[in-house]
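Residue-level structural notes
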Amino acid sequence: MSDTAQAGMLEPHAWGGLSFQERMATAEFRIHHTPHIVVDGTVCADCSTRECVVACPASLFVPTAEGGIVFNHEQCFECGTCYIVCNREGAISWNYPEGGHGIVFRRT
Amino acid sequence: MTDVDVIVVGAGPAGSCAAITAARAGLDVVLIERGPFPGSKNMYGGVVYPRILDDLIPNWWEEAPVQRWVTRRSTMLLTPTQALTVDFRSEAWGAPPYNGATAYRPDWDHWLAGHAEAAGAQLITSTTVKSLIRNQSGAVVGVRTDRPDGDLTAKVVIACDGVNSFLAKEAGLYEHTDAKHYTLGVKETLALPKEVIDERFGVRDRHGVDIEILGGTGGVNGGGFLYTNLDTLAVGVVLKLPALAAQKARPEDIIAGLKRHPAIAPLVQDGELKEYSAHLIPEAGLEMMPRMVMPGMLVAGDAAALCLAAGIWLEGVNFAMASGMYAGEAAAEAIRADDLGTAGLGGYQRRLSDTFVLKDHRKLRRAPKLVLSDRVQHLYPGMVAGVAERMFRVDNPHPKPGLRRILNQERKRAGVRRRDLLRDGWNGFRSFG
Ligand SMILES: Cc1cc2nc3c(=O)[nH]c(=O)nc-3n(C[C@H](O)[C@H](O)[C@H](O)COP(=O)(O)OP(=O)(O)OC[C@H]3O[C@@H](n4cnc5c(N)ncnc54)[C@H](O)[C@@H]3O)c2cc1C
Ligand code: SF4
Ligand code: SF4
């Protein structure tokens, strides 16, 4: 289990004067209320490797004090890293968001 | 009767080029994109090599949304405290017909999709393709979208849906996929005044710099990049997925480490974060490529793992544009011949095989694995930088040691066995030769 990742989650470690929240705020997300990714916490409860926690570039997989995982889909890059690194069947059900929603990289 | 002749899924570089060639062949083409506009979902490092557009869009350089023309290309080898750079400049690359250019993908993809529309293709945005529609014999005959009444049928579907290609996977065209075939790219776009960028990077006007970096990813196998846009820098890292998960290092911390490196820090200093972004790269080349032709469907671009990621080269957009073009042409050919099976659509595979698309992949087939191997990643940068440091350090009153002696000592100090070095050297020669 990654202590640094966990610490980073709970108290945003500011390097370069920027918290993780501020970093994520630079990207635009058109949020759809229906989550496009659903994580089955019962599968995660038995997972000791927790690849998703380290690898998700948006840091959306957060370990809980009770040993589970909470996931929030709202600031997702839709990159696919999580379902590829997680090798536990059924933990993640992954789809693209409804058309027009989710991450929007900006035009100049 | 089908609704249209050709459905292209995904308005990235592959999809827009497929739509251009298919529409110009007189076909009725629909180009479906899940983002609110083409390019809105797409990020990359930052350099396109558009030579392949010369015929498709003559004088493309007069209209393409280019940030800077790359006239300086560096390859940098980093250890925690050292840097060895090979730096090449060419004035020729700063004038027509140019070579490479930095560009933002939302601009670039939007521009290319405009050409698809101008050719007569119908662009439908904010629409996600959910699955394929297939007939009893398994041939693809259309797609199901997330729009109400969103089924659409076609003679040929061209899947240009990017690295995760759920369409190619649904059709069973990938034999297997494995985390080790992918790298995660994360990038920061940093704002700096144009004059500051010009001065720091030693360029003028619209000239720009492409720096590829080996080492500097904090123990995670991968690489880094630093590119100049007009008034921003793109700095990022590309990380092998299993290594990232195993090392327990967060992507943004690895970028921060790269930005703190003594050779990089002065270049990026005071850059204000404008956008943080992430995307996967299909990294393994031939080792992971799916079948690209099946009855009623062709697969192009990253969806077919055609991105070339071989250390000093990271080229995906040109491979996507070319494969898309060829897919559109082959679809038109098959429809004319009224043969939508693998034979009728086989012109696609032939075009890929006869051009740089598969020729480069075959030539460089050993390169991705070699470049991401542990020795190249963790031992050689230290060894090579060590040799350079000894060559240039003046140790008076000691006389200068001979190169052979330095090489041998630095090899041992880095913990590299002679026979591994010889084998990798030979492999490298065969990979890139
Ligand atoms: C960090 C990084 C750095 C890179 N650097 C470079 C570089 O410097 N130079 C270079 O040439 N290449 C680079 N690449 C590679 C390059 O980005 C890709 O190879 C290229 O974008 C592939 O183009 P494509 O059209 O095949 O796919 P994409 O550009 O991924 O386009 C796919 C499109 O399909 C859409 N789509 C996907 N699924 C659906 C669906 N179900 N329904 C509707 N629409 C859908 C997407 O929204 C997207 O617009 C880099 C990649 C990364 C990640
Ligand atoms: S999503 Fe997968 S890797 Fe992450 S905690 Fe759950 S089971 Fe483990
Ligand atoms: S798709 Fe990417 S950004 Fe979204 S949750 Fe998965 S790893 Fe994180």
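A few points on the structure.

Rules and cut-offs
Residues numbered from 1 in each chain as written. Chains lettered and ligands numbered in written order. Predicted model: local features only at pLDDT ≥ 70, side-chain atom pairs only at ≥ 80, totals over all residues. Heavy atoms only, no water. Helix = DSSP H or I, 4+ residues; strand = E, 2+ residues; numbered from the N terminus. Buried < 20%, exposed > 50% of the residue type's maximum accessible area, 1.4 Å probe, protein only. Polar contact = N/O pair within 3.5 Å; in protein donor to acceptor, adjacent residues only side chain to side chain. Contact = heavy atoms within 4.5 Å. Axes fitted to C-alpha atoms, helices over the stretch in contact; angles between N-to-C directions. Left-handed = near helix turned anticlockwise from the far one by under 90°. Nonpolar A, V, L, I, M, F, W, Y, C, P; charged D, E, K, R; others polar. Near = heavy atom within 4 Å. Core = buried A, V, L, I, M, F, W, Y, C linked by side-chain atoms within 4.5 Å. Domains from an automatic or database assignment. Buried area = accessible area lost by both parts, 1.4 Å probe. Salt bridge = Lys/Arg side-chain N within 4 Å of Asp/Glu carboxyl O.

With that out of the way, let us pick up the side chain of Thr26(A). Mapped onto the fold, Thr26(A) is located in the loop between α2 (20–24) and β1 (28–30). On the basis of relative accessibility, which here comes to 12%, the residue Thr26(A) falls in the buried class. Within the structure, Thr26(A) has its side chain in polar contact with the backbone oxygen of Arg23(A) (distance 2.7 Å). Polar side-chain contacts of Thr26(A) include one of 3.0 Å to the backbone nitrogen of Tyr276(B). Thr26(A) has contacts with Arg106(A), Leu273(B), Lys274(B), Glu275(B) and Tyr276(B), leaving out every residue within four places of it along the chain.

All names here are of chain B. At a minimum axis distance of 9 Å, the contact between helix α12 (residues 374–392) and helix α13 (residues 403–414) shows a crossing angle of 145°. Between α12 and α13 lies a crossing of right-handed hand. When α12 is examined against α13, the residues Leu-379, Gly-382, Met-383, Gly-386, Val-387, Arg-390 and Met-391 are found in contact with a partner set consisting of Leu-403, Ile-406, Leu-407, Gln-409, Glu-410, Arg-411, Arg-413 and Ala-414. Across the contact of α12 with α13, the residue classes break down as eight nonpolar, three polar and four charged.

We now examine the site of ligand 2. Every residue close to ligand 2 is listed here: Cys44(A), Cys47(A), Arg50(A), Glu51(A), Cys52(A), Ile69(A), Cys86(A), Arg88(A), Ala91(A) and Ile92(A). Its residues assigned to classes, the shell around ligand 2 shows seven nonpolar, no polar and three charged.

Bringing the nonpolar core into the picture now. Counting residues in each nonpolar core, the largest one holds 153 residues, and the members touching the most others are Phe61(A), Phe77(A), Trp108(B), Ile158(B), Met297(B) and Tyr348(B). If you tally residues by element for this core, the top one is helix α8 (residues 317–336) of chain B, at 13 residues. Two domains each put at least three residues into this core: domain 1 (4–60 + 103–175 + 290–364) and domain 2 (68–101 + 177–283) of chain B. If near-sequence neighbours (up to four positions away) are discounted, Trp108(B) is found in contact with Val48(B), Pro50(B), Leu53(B), Ala64(B), Pro65(B), Val66(B), Ala103(B), Val317(B) and Met321(B). Among the nonpolar cores identified, the runner-up in size contains 10 residues, and Val47(B), Phe225(B), Tyr227(B) and Ala234(B) belong to it.

Taken residue by residue, the interface counts 46 residues in chain B and 44 residues in chain A. Buried surface at the junction of chain B and chain A, summed over both partners, amounts to about 3700 Å²; 56% is from carbon and sulfur atoms. If you sort the residues of chain B by the area they bury against chain A, Lys248(B), Arg250(B) and Tyr276(B) come out on top, with a joint share of 18%. Joining chain B to chain A, the criterion identifies five salt bridges. Note that Glu275(B) is salt-bridged to Arg106(A), the shortest N-O span being 3.8 Å. On inspection of chain B and its partner chain A, the count reaches 21 residue pairs in polar contact (both at pLDDT 80 or more).

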